[in-house]
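Now for the letters of each chain:
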Amino acid sequence: MRRILHIDMDAFFAAVEQMRHPELVGKPVIIGGAGDPTMRGVVSTASYEARKYGIHSAMPLQRAYRLCPEAIFLPVDYDEYMRVSEKIKDILRSFTPLIENVGIDEAFLDITDIDMEPEKIANKIKERIKKEVGLTCSIGIGPNKLIAKIASDMKKPDGLTIISEEDIKVAIWPLSVRKLWGVGPKTEKRLKGMGIHTIGDLATVPLESLIEEFGKSYGNYLYESSRGVDESPLITYWEPKSISRETTFQRDTDKWTVIAKNLAELTKDVVETMKESGYKGKTVTIKIRFKDFETHTRAKTLDDFSDSLETIRKAAFEALRRLGLKKKVRLIGVRVSNLAKVEH
Ligand code: TTP
Ligand code: MG
């Protein structure tokens, strides 16, 4: 039997800010956009103190401000969070190389073959992250990724939840179907329409009915996951399909200088990331969203794989010229895809 551990940092961006500004500890802190709640942008995350006001990720900053005007608003400092994330991943890798990075603050570890009690491994990880990085995390352990991920979410913040094979049903059946990976708001709504609210409700539906309603592969997935069954392996090495950046203007604009300056900056960011992660790319795509949300893309394929700023910027501007700007622009983005690892 496998033993999978899932770790997820608590209020990650906000916790990093509270760590480097200790005067913010215990206060409602909201991270998002440029950190100015009068401007456009959404909440990336909020400290647990701010969550008491109903503030959560993806909420418009202006709404968060109305809910809690005394909160401290800060801009997203992605580079700093990446640095902290790398330190955490280094600690995790010292326990096992069998690790799947899920996001900036999340990972799965296969701890089956580590000769130590799962609870002890989890506590050691927590101790080291607390001591060496200064942050708390929540950990879940189960026989597979599905259960481990559900478990890590059960006692946030600073939680540890272990679900053994025998306890799966008792532990997950009372939960909302939304707790299952891959069940989003749309599926939740459809299930509700069928009278299915909890994972336990879902587990009473015969396989044939699920297949009829949701198709073979998703129907099977729902049937198995409602029983806590998940055979999916850890993906221990991840290749990006593309590297991209985009930005929404504070105000819709048709000023060429503003658009060009932003495109140049975004392209520079993309190329820096490519160089840091050791990739060259062949296809450069730009995306423009006009003020009425009409969205267009144009791609330019290079003759060769490249990580040259000049080449990629030229391609981006050529694509932009071909697209043309007939209305005010709301968002601009650039993506490099068709990536190859640089040989050393
Ligand atoms: P999460 O782990 O979902 O959230 P969290 O760590 O802030 O809080 P929790 O204690 O509930 O785990 O996401 C990790 C980081 O990713 C989060 O700190 C900010 C970022 N993020 C966004 O930028 N936008 C989003 O919509 C979400 C969900 C997260
Ligand atoms: Mg988190």
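You'll find the structure just up there.
Criteria and thresholds
Residues numbered from 1 in each chain as written. Chains lettered and ligands numbered in written order. Predicted model: local features only at pLDDT ≥ 70, side-chain atom pairs only at ≥ 80, totals over all residues. Heavy atoms only, no water. Helix = DSSP H or I, 4+ residues; strand = E, 2+ residues; numbered from the N terminus. Expected span 1.5 Å × (residues − 1). Buried < 20%, exposed > 50% of the residue type's maximum accessible area, 1.4 Å probe, protein only. Arc of directions from axis to C-beta. Contact = heavy atoms within 4.5 Å. Axes fitted to C-alpha atoms, helices over the stretch in contact; angles between N-to-C directions. Left-handed = near helix turned anticlockwise from the far one by under 90°. Pairing = 2+ DSSP bridges. Donors = N, O, S within 2.8 Å, 3.2 Å for Na, K, Ca; no water. Tetrahedral: all angles 85-135°; square planar, octahedral: opposite > 155°, others 65-115°. Parallel < 35°, antiparallel > 145°, perpendicular 65-115°, else oblique. Nonpolar A, V, L, I, M, F, W, Y, C, P; charged D, E, K, R; others polar. Polar contact = N/O pair within 3.5 Å; in protein donor to acceptor, adjacent residues only side chain to side chain. Near = heavy atom within 4 Å. Areas by Shrake-Rupley, 256 points an atom, 1.4 Å probe, with all protein chains shown as cover. Domains from an automatic or database assignment.

### Considerations on helix H5 (residues 118-132)
Thinking step 1. For H5, with 15 residues, the first-to-last C-alpha span of 21 Å sits near the 21 Å given by 1.5 Å per residue.
Thinking step 2. All buried positions along H5 are accounted for by Pro118, Ile121, Ala122, Ile125, Lys126 and Ile129. When H5 is viewed along its axis, its buried side chains cluster within an angular range of 135° and face the same direction. Those residues of H5 that are exposed and aimed more than 90 degrees away from the buried face are Glu127 and Lys131.
Thinking step 3. Those residues of H5 that are buried lie in contact with strand E1 (4-9), helix H4 (78-93), strand E6 (106-110), strand E7 (137-142) and strand E8 (160-162).

### Considerations on the packing of H4 against H5
Thinking step 1. Interaxial distance between H4 and H5 falls to 10 Å at its minimum, and their mutual angle equals 145°. The interaxial crossing formed by H4 with H5 has right-handed handedness. When H4 is examined against H5, the residues Lys87, Ile88, Ile91 and Leu92 are found in contact with a partner set consisting of Ile125, Arg128, Ile129 and Glu132.

### A closer look at the sheet that holds strand E11 (residues 295-306)
Thinking step 1. If you trace the 4 strands from one edge of the open sheet to the other, you get E9-E12-E10-E11, paired in antiparallel fashion. Edge positions in the open sheet fall to strand E9 (242-253) and E11, since each of these has one partner strand only. The sheet shows a mean angle of 15° between the axes of neighbouring strands, taken without regard to direction.
Thinking step 2. In this structure, strand E10 (residues 279-290) lies alongside E11, joined through 8 bridges in antiparallel fashion. In the sheet register, arginine 289 faces E11, and the bridge partner there is threonine 295.

### Things to note about the coordination of the magnesium ion (ligand 2)
Thinking step 1. Around the magnesium ion (ligand 2), the protein supplies Asp8 (OD), Met9 (O) and Asp105 (OD) as donor atoms, at distances of 2.0 to 2.2 Å.
Thinking step 2. For the magnesium ion (ligand 2), the 6 donor atoms are set out with angles of 80 to 179° between them, so the coordination reads as octahedral.
Thinking step 3. Read from N- to C-terminus, the donor residues coordinating the magnesium ion (ligand 2) fall into the pattern D-M-x95-D. Here aspartate 8 matches methionine 9 in class, with each residue buried.

### Some remarks on the packing of helix H1 (residues 12-20) against H4
Thinking step 1. Here H1 crosses H4 at 95°, and the two axes come no closer than 10 Å. Accordingly, the angle class assigned to the pair H1 and H4 is roughly perpendicular. Where H1 abuts H4, its residues Phe12, Phe13, Val16, Glu17 and Arg20 lie against Tyr78, Glu80, Tyr81, Val84, Ser85 and Ile88.
Thinking step 2. Here the contact of H1 with H4 is built from residues that sort into 7 nonpolar, 1 polar and 3 charged.

### Points about the sheet that holds E6
Thinking step 1. With mixed pairing, the 5 strands of this open sheet are ordered in space as E5-E6-E1-E7-E8. Because the sheet does not close on itself, it has two edges, and the strands there are strand E5 (99-103) and E8. Along the sheet, successive strands turn relative to each other by an average axial angle of 15°, direction set aside.
Thinking step 2. Two strands pair when backbone bridges link them, and E1 and E7 are joined in this way by 6 bridges, in the antiparallel orientation.

### Thoughts on the environment of arginine 40
Thinking step 1. Checked against the element boundaries, arginine 40 lands in the loop between strand E2 (29-31) and strand E3 (45-46).
Thinking step 2. Look at arginine 40 and you get partly exposed, because its relative accessible area is 31%.
Thinking step 3. Spatially, the C-alpha atoms of arginine 40 and arginine 251 are 8.7 Å apart, while their sequence positions differ by 211 residues.
Thinking step 4. In this structure the side chain of arginine 40 is engaged in a polar contact, spanning 3.5 Å, whose partner is the backbone oxygen of phenylalanine 249.

### Notes on the pairing of E6
Thinking step 1. Burial within E6 is extensive, with 5 of its 5 residues counted as buried.
Thinking step 2. Residues Glu106, Phe108 and Asp110 line one face of E6 and the alternating positions Ala107 and Leu109 line the opposite face, and both faces are buried.
Thinking step 3. Sheet topology places E1 next to E6; 5 bridges connect them, and they run antiparallel. Residue pairing in the sheet places leucine 5 in a bridge with leucine 109 of E6.
Thinking step 4. Inspection of the sheet shows E5 paired to E6 by 4 bridges, in the antiparallel sense. Directly across from asparagine 101, in E6, lies its bridge partner alanine 107.

### Regarding the site of ligand 1
Thinking step 1. Neighbouring residues of ligand 1: 13 residues in total, closest Asp8, Ala11, Thr45, Tyr48 and Arg51.
Thinking step 2. Between alanine 11 and ligand 1, the recorded distance is 2.8 Å, taken from a backbone N or O atom to an oxygen atom.
Thinking step 3. A distance of 2.5 Å separates an oxygen atom of ligand 1 from a polar side-chain atom of threonine 45.
Thinking step 4. Relative to its free-state accessible area of 560 Å², ligand 1 is covered by the protein chains to the extent of 68%.
Thinking step 5. Listed by contribution, the elements that provide at least two residues to the shell around ligand 1 are E1, H1 and helix H2 (48-51).
Thinking step 6. Looking at the shell around ligand 1 residue by residue, the class counts come to 5 nonpolar, 3 polar and 5 charged.
Thinking step 7. Inspection of the shell around ligand 1 shows a minimum of three residues originating in each of domain 1 (4-9 + 79-167) and domain 2 (13-78).

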